[in-house]
Structures are given as structure tokens and as C-alpha cells.
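Listed below, chain by chain, are the residues.
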Amino acid sequence: MTIGIHAERVAGDDRVVRWVVPGGRLPVGRARRAPGRLGEMLGEGTLSGALVEHGAVWLWLGEGLSWAGRGAAVQSALRDALADPDRWLVEPAPGEVLEHVTADLLTGSVGDFVRSHGGSVTAERTGDTVAVRLGGACEHCPAAGLTLRQRLVGELRRRCPDLVEVDREGRQLTLALRG
Amino acid sequence: MSGQHDHCGSGGGSSTANLGLTRFAVVGSPNSGKTTLFNSLTGLHAKTGNYPGVTVARYEGRMRLGENQSVVVEDLPGSYSLDPISPDEQIVVDVLDTDHHNLRVDVPDAMLVTLNATTLRRSLGLLAQLQQTGLPICVVLTFTDDLTRRNGRLDIPAFTRALGVPVVTVVAGHRDGLADLRHVMARSDSWTTPVVAPPTDPAEVNAWADSVLKSSRYRMPEIDKRTRRIDSLVLHPVIGTAIFLLTMFVFFQTIFTVAAPLQDYVEQFFSWLGGLVAEHVHIGWLSAFLSQAVIGGVGSVLVFLPQIVLLFLLIALLEGTGYLARAAFLMDRVMARAGLEGRAFVALLSSFACAIPGIMATRSLPSARDRLATMMGAPLMTCSARLPVYILLVSLMLPAQARVGVFNARGVVMFALYLAGALSAMAVAAVFKKFTSRGGPVLPFYMEMPPYQVPRWRNVGAEVWTAASAFLRKVTSIIMATTVVLWVLLNLPMRGEAEMAAAGVDTGDEAAVSSYVLDHSYAASIGRSVEPVFEPLGFDWRINIGILSSLAAREVFVATLGQVAAAENPEEPAEALRTMTVQDGPEAGRPLFDAPTIAALLVFFMYALQCMSTVGVLRRESGSWKWPAIAFGYMFVLAWVLALAARTVVAAVT
């Protein structure tokens, strides 16, 4: 059975590609070592970083390289490496993962929704927690808290099943991943 | 009809006026709404032509995107993949220039790829291949209304993100999607491209498609309740078969009963025209040419226009409602008896219109043996060119009021003729399959079952128009030309009055003169020269010349008889045919068109391969003269032997 993966662009950052992979195959966190060709790419600097979320692997390309040139090779290296999940070394990095996933959603679907209502939304990481804040038209909207929770938390939980709400206070929501 | 698929290979379809404009190619698998999209973009103002060197029809049209922006849209043939197995698919590969050797046609600047939302998994494979070409792509998602109605689901923003290209939803019949698409098309130079192209290995592509669909939360549509309920009856082995036969029966009854009054109008028009000619044209030979060749010959074929239009209208309706696919599915069981599969039935069914599209439709058959066997059988299906011949002969044999039970007897006989043609086609295919087959893997039968729907009138109209205009083109070109040649042969050599007087002809009696000229014409001697072959069937030289001329196109048979009849009795040509008698030989004096002879003629036309266009297509599709020669030979022998049998049987019964 060939492992199905596909590449998605990350808005605002040309060097990183978010590879959607079958969920739950790898532990979540920063990948330090990977088997096969992917491991070599990480070692030699073709890839400068790798972050694993529940159903995706974020890969950063080394300085001066382009996805147009390296994409195909990385694609097959990643597919091969995923076939051998035991030989990955992934260090927990809950704050980092949550930060990237949240940012991804805020530039994407959730952000679009908030902006379409004239609002704005920002996220800021402190250690292992991420605080999300609504602004703009949402600032004085009584439904804002509810909307934010439903939309963002719903989407986030789909991407990160380990999500927990640490604190909720008006227009601000503090989130973390269960360790 | 052969005119529909012009095979004279007339040059490329792109005109110089379209040079320098941005070109969009509409690409997609069959049934993805590709042609509907193309029609609504170009407003049906498409130019058709052929691709250089091949017979695949090429459609392109211009559309305005804004005040001063025009673009060219080209509709490529439907294709499931870029690994070409058929000439159509080869065209897609050539036009998209995947190997960069394209010197023949303009390479598009961008692609609109239609994806049917109800069959996404299958279509994504094609999209993955198209993305390898490096051309900018915009996905046009169709049938999303159908997807929702049938409880399917697709998260379109997530789908867009996973594909990395713009996705526009266009639902047929709604303008909003088209407006969005026009906006997107106006900015084709800034379309997003996937950050990393999909893989190329087939297994990896499948896995890629699964991954894309999973993250788009795709849920396959269920077969909708209405369709399922109808299908439980229509696809039922017993009830379904009964419905199928009933549908076909009603089909032929309709063609007869509805077309008859319309045909009368056409006839009235031509007799009015004949009156005008008699009144105003006083040059003897010109008047004769106009009344006999043009009105008697071509006019007698044009009378069948209402029937042709009805035939295609009914086929388009059956197809538009989704019933045709069920008929094919139902026939898969029957076809299996012949060692073939349901797809072969689709090819045979297309042959009802014309054997040429039928033979071309065999390209969808994965097995070469099945293809050959189907090709050999397809010309036996009752094509629309046989229709005028059958109608003429059947109406000579049976009066209009004749009934079988409550049904019109002519309609019943027509139904029987169509049924016999279909059964013979299958029997022949089975025999060829048996003789060429040396065992081999049985390939699975796969067919798309579209949901039942109200046909789109625009598409039905377009299809009928294509067929009718192809028929008119054929009438005004090949049939006209053959008729003129025949007229000359029927009227030469010129006879002097003295000669006729010597032969005892009353030179004052116009009918007697023209009948003498006819009997001693070049055509008569040609017809008489083949008499030894056809005499056992009861044919005389007039029928023989009709059969010989029908080699150009079957309808010419009607035109020839029309000419002969018009020469003998210009006022009542139909009456002339009915009262015609055998002129020479031991049977002289017998009515020429008696029941046994008509039966023999009907059977002869059912089996003989009198269509040079079909021979040409067989040659091209099979790659050698061997198969068309075999087809022509076996069909002639079959036609002759079975016509003799029919004649003997009918003569014994009546």
C-alpha cells in the first residue's frame, strides 16, 4: 500500500511546505532524525527543519533552494521515510507545533471568516501556550467569543486532537497541547 | 451518417484571426460537463474542423472576457488519461505538447480542467498528469448540485488548497459560476500553481488523490433514491428487459406515426416545386433534369428529413435522460452471450445513427479481439441511411392503414427490421470473436451510470441540428452528385425520333418515349449486365442500378428509384413504382415490387455493406485492407443468400 501524501503551500513562507500525511503515524513535535534519504536531506542541509503535526509534516528547505527543483525528490523521500515510523526521532515541541498550526488557520479558512466580518485576529506564543486575540469589528461584538471558539477550536481540534483550552477571557483564548 | 464525421481530413481548425490571443484548452474526462462548459463559454459559436491528419473533430470558439480582451477556447476530446490509446487521446497529448515536439497545432496558454464532483477519485488521476505539463491550470468543478443532492460532500476551500490551483464551481444552467470563471480567466497569468507537482507513478498518484480527497473531507455521493428506485425496475432482468423492448418498440412507432404528416408537407413542397418547373422551364432537357434528377431523385431522399430528425431527437432524449446507459448495462448480459461486453453494445447502439461513429466507439474496448469482432458486426446495425430505403420498401409492401393488433403494421415491420439487424450484428460479432479468440483475461466491465434527469434541451437541440445538417450536407453533396451521374446514364445515349418510330414507339406519347430512352440507356445496360447475379433474388435492371448506385450512399437507392419512377410517371411517382412490372426474362409482366422481391430487397439492404465511408473507416481503424475486405465479402454473401431465403419463404407464404 503506497502511503498517500500531498503538498500544500503555506501562505507567506515560500521555504516551507506542509505535507499532508496519514494522521497518527508519527509522534508530534520537531523531527531530529528521519530514516533514509529524508534523514540525509536533514543532515546535509537540503532540509533545514521538520515539524510534525498530527496529520502533516512541515518541511523547511535549506537556504537558496527551491521547491520547484527539490519537490519531487523530497516527496518520494518523505513517502519512504513514513513507511518506517520507528526510525524517526521526534522531540516534543507542543508550543511550536501549535503556533504553526494556529498561524496556518489564521491565514487560511478561520482568518478568512473573521476578516469577512470586518474583524482581525492575532496569535502569540508564550512557551507552550498560544494566545489568540480578536480585534477590529469583533472587539465589541457579544458573539465574538463564541464564534472564535466554535470556528477556531473546532478546526484546531481537527488538526490537533490533543488541544486543550487553558484559559478563556472575553476576546482572548489561551490554548495548549496536552503533553 | 457519414457526414457527421467528415473524413476528408480538411486541414487544421484554427484560423489566423485567432493568432496572438490567449488560448484556453478545456480538458476533462468524458461526462465531466466539458462540452456544456465549452458551449456556455463560447455561446455555441464554435468553429468546427479537423485536426491535421486525423479525423478527430476540433472545436474552438472565441469569447470576450472584458472590454478589450478576447480569448480563444478550444474543446479537447474527452480523455481519461494522458497515456494515449485512442486517436482522440493522442490529440489531447499532441495539443498539450507533453513531449514538446508539437509542430502541428497551437499549444494552449492555459487549461480549464473540468472535474465531475461525483466521480472525483477517477478524475484526479488525469489532473495529476495534466499538472506535469507545467501549463497553468484552473479546475472547473461541475455537478456539485448533483453531489449535494445525493448526500455527497466536498470542502471546496480545502480542496483548492490541497490542489494548489484555482477551483471554480460551475453548475450547468447557473450563470454565477460562469461569471466567476470569466473573472478567473481574465487573470490567467497569475493563477496559483501547486508548490510541488503531484507524483507520476500510478500507485503514488492514486495515493495522492486519496490524500487530497481525505483532506477535502470528500464523501462519495450515494446513488440517489429516485435513481435507485427507477433502476430497481429498469435494471431488473425480466421487467427491465420488457421495458427496454417496449421503449424500443414505442421508439419506432413514434418515428412512423409522428413523421408521416410532416413527410406529407415535404412531399407537397416538392410537387409544388415540380409544378413550377413544368410551368416555367421550357428547355426540354433542363426541365427533365430538374423534375427527374433534382426533384425526383434528391427530393425523394429529402422526404425522409422528418424521420432522421425524429430518430436523432429520440436517441438524444434517451441519452439525455440517462436511459441509454441503462440499456447498455442491461445489454451487458446479452452481449456476454456473444462473448462481448456492455461497452460493445454502446458501439453497436451508436451504429443506429451511423456505423462510422459506432466503429470509432469501439476504441473504448480494451481488448483488440473484442474491438475487431464489434467492428465486423457494427455495419449490420440499422443505420439512419437504411431508414429511407426501409421506409420506401415497407410502404410499398404495406398500406398505411395496415395494422397488427392495435399497432401500425409498418411500424411493427420496422421494429422487426431493427431488431433483426441488431441480432445479426451480435451474432456476427460472436462468430468473429470465436474465430479470433484464443482465450485471454476477462477484463472487468465498468460503466458510469448517470443519474436520471430531465434532458438539457440545448444539448438535445444541438445534437439534432448536427445530425440534420449532416444529412442535408450529404444530400446536397454525394447524393446529389451520384444522382446527376445516374440521370446522365439513364438518359444517354440520345435517341432519334426515327429510331423510336422504327421500334414502334409512339413519339407523341411522352411517357412512352421516356420509358424507351430509359430502357435503352447506359444505366440499363449496366443494370442488365449484373442481372445474372441478382436475378435469383427477383431484381431487374432498375433495382440493380439502384443497388450499384447505393454503393455511394444507401439513400441513393431511393433517389434512383425516384428518378426512374419520375421518368415513367412524373405526376404520381409512387404509383409508378407500385405498378412497375418486370420487363424481360421468363417472369416478364410480374409486378416488380411484389412481396417476395421487397422482402429480398429489405434483407439485402440489411446485410450488404453498401457504404464506402464505412469501408474507409474500417480500413483506418483496423490498420489494413484485410478487415474491410473480409467485411465486404462476408456481408455480400450473407446478403445474397439470406435475400434468396427471404424471397423463397415469402413467396411460399403469400
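Residues numbered from 1 in each chain as written. Chains lettered and ligands numbered in written order. Predicted model: local features only at pLDDT ≥ 70, side-chain atom pairs only at ≥ 80, totals over all residues.

As a further point, take the overall build of chain B. The number of helices and strands found in chain B is 28 helices and nine strands. When burial is assessed residue by residue, chain B has 44% of its 654 residues classed as buried. For chain B, the proportion of contacts with a sequence separation of at least 24, taken over those separated by at least 6, is 74%. (Helix = DSSP H or I, 4+ residues; strand = E, 2+ residues; numbered from the N terminus. Buried ≥ 20, exposed ≤ 12 C-beta atoms within 10 Å, placed from the backbone. Contact = placed C-beta atoms within 7 Å.)

It is worth spelling out the overall build of chain A at this point. When helices and strands are tallied, chain A shows five helices and ten strands. The burial tally for chain A puts 37% of its 179 residues in the buried class. For chain A, long-range pairs separated by at least 24 residues make up 62% of all intrachain contacts whose partners lie at least 6 apart in sequence.

Between chain B and chain A, the contact holds 17 residues from the first and 14 residues from the second. Among the elements of the structure, helix H5 (156-163) and helix H7 (202-215) of chain B are those that each provide at least two residues to the side of chain B that touches chain A. Ranked by residues supplied to the side of chain B that touches chain A, first place goes to H7(B) with eight residues. The residue inventory of the side of chain B that touches chain A, partitioned by class, reads eleven nonpolar, three polar and three charged. (Nonpolar A, V, L, I, M, F, W, Y, C, P; charged D, E, K, R; others polar.)

Its identity as a non-glycine residue notwithstanding, B:Phe143 has a phi of 60°, on the positive side. Considering the arrangement of structural elements, one finds B:Phe143 in the loop between strand S6 (137-142) and helix H4 (144-149).

This next bit is on the nonpolar core. One finds B:Leu393, B:Ala429, B:Leu602 and B:Phe604 to be the most contacted residues of the largest nonpolar core, which totals 116 residues. No other element matches the twelve residues that helix H17 (residues 409-436) of chain B contributes to this core. Apart from the residues lying within four places of it in its own chain, the contact partners of B:Ala429 are B:Ala338, B:Leu340, B:Ala344, B:Ala373, B:Thr374, B:Met376 and B:Gly377. Of all hydrophobic cores here, the second largest spans 99 residues; its members include A:Leu26, B:Val72, B:Phe143 and B:Leu147. (Core = buried A, V, L, I, M, F, W, Y, C linked by C-beta atoms within 7 Å.)

Close reading of the predicted structure is inappropriate where its pLDDT is low. Mean pLDDT over chain B works out to 76, with 80% of the residues at or above the 70 mark. For the stretch residues 439-445 of chain B, pLDDT sits under 50, and the model shows six contacts to residues farther than four places along the chain or on other chains. (pLDDT = per-residue confidence, 0-100.)

Before going further, it helps to spend a moment on the pairing of strand S4 (residues 47-53) of chain A. Sheet faces and side chains relate simply in a regular strand, where the side chains alternate between the two faces. Residues and elements named next belong to chain A. Within S4, five of the seven residues are buried, leaving the element largely enclosed by the surrounding structure. Bridge count for strand S3 (residues 29-33) against S4 is two bridges, and the pairing is antiparallel. By the bridge assignment for S4, arginine 30 is matched with leucine 51. With six bridges joining them, S4 and strand S5 (residues 56-61) adopt antiparallel strand pairing. In the strand pairing of S5, leucine 47 is matched with leucine 61. Two successive antiparallel strands, S4 and S5, enclose a turn made up of two residues. (Pairing = 2+ DSSP bridges.)

This part covers the sheet that holds S5(A). Adjacent strands of a sheet pair through backbone hydrogen bonds, lying either parallel or antiparallel. Residue and element names in this part refer to chain A. Strand order in the open sheet made by the six strands is S1-S2-S5-S4-S3-S6, with antiparallel pairing throughout. For this open sheet the edge positions go to strand S1 (6-9) and strand S6 (89-91), each flanked by a neighbour on one side alone. The mean angle between the axes of side-by-side strands here comes to 30°, regardless of whether they run parallel or antiparallel. Here S1 pairs with strand S2 (residues 16-20) via four bridges, running antiparallel. Residue pairing across strands places histidine 6 opposite valine 20, the latter belonging to S2. Where helix H3 (residues 94-107) meets the sheet, its contacts fall on S2, S3, S4 and S5, and the angle it forms with S4 comes to roughly 85°. (Axes fitted to C-alpha atoms, helices over the stretch in contact; angles between N-to-C directions.)

Residue and element names in this part refer to chain A. In terms of burial, S2 is largely enclosed, as four of its five residues are buried. Two successive antiparallel strands, S1 and S2, enclose a turn made up of six residues, where glycine 12 displays a positive phi of approximately 80°. Pairing between S2 and S5: five bridges, direction antiparallel. When the sheet's bridge partners are listed, tryptophan 19 is paired in S5 with valine 57.

Bringing the sheet that holds strand S9 (residues 163-169) of chain A into the picture now. All names here are of chain A. Pairing within the open sheet is antiparallel, and its four strands lie in the order S7-S8-S10-S9. One side of each edge strand has no neighbouring strand; the edge strands of this open sheet are strand S7 (119-126) and S9. Strand-to-strand, the axes of this sheet are offset by a mean angle of 25°, without reference to chain direction. Here strand S8 (residues 129-136) pairs with strand S10 (residues 172-177) via five bridges, running antiparallel. Bridging from a neighbouring strand, valine 130 pairs with leucine 175 of S10.

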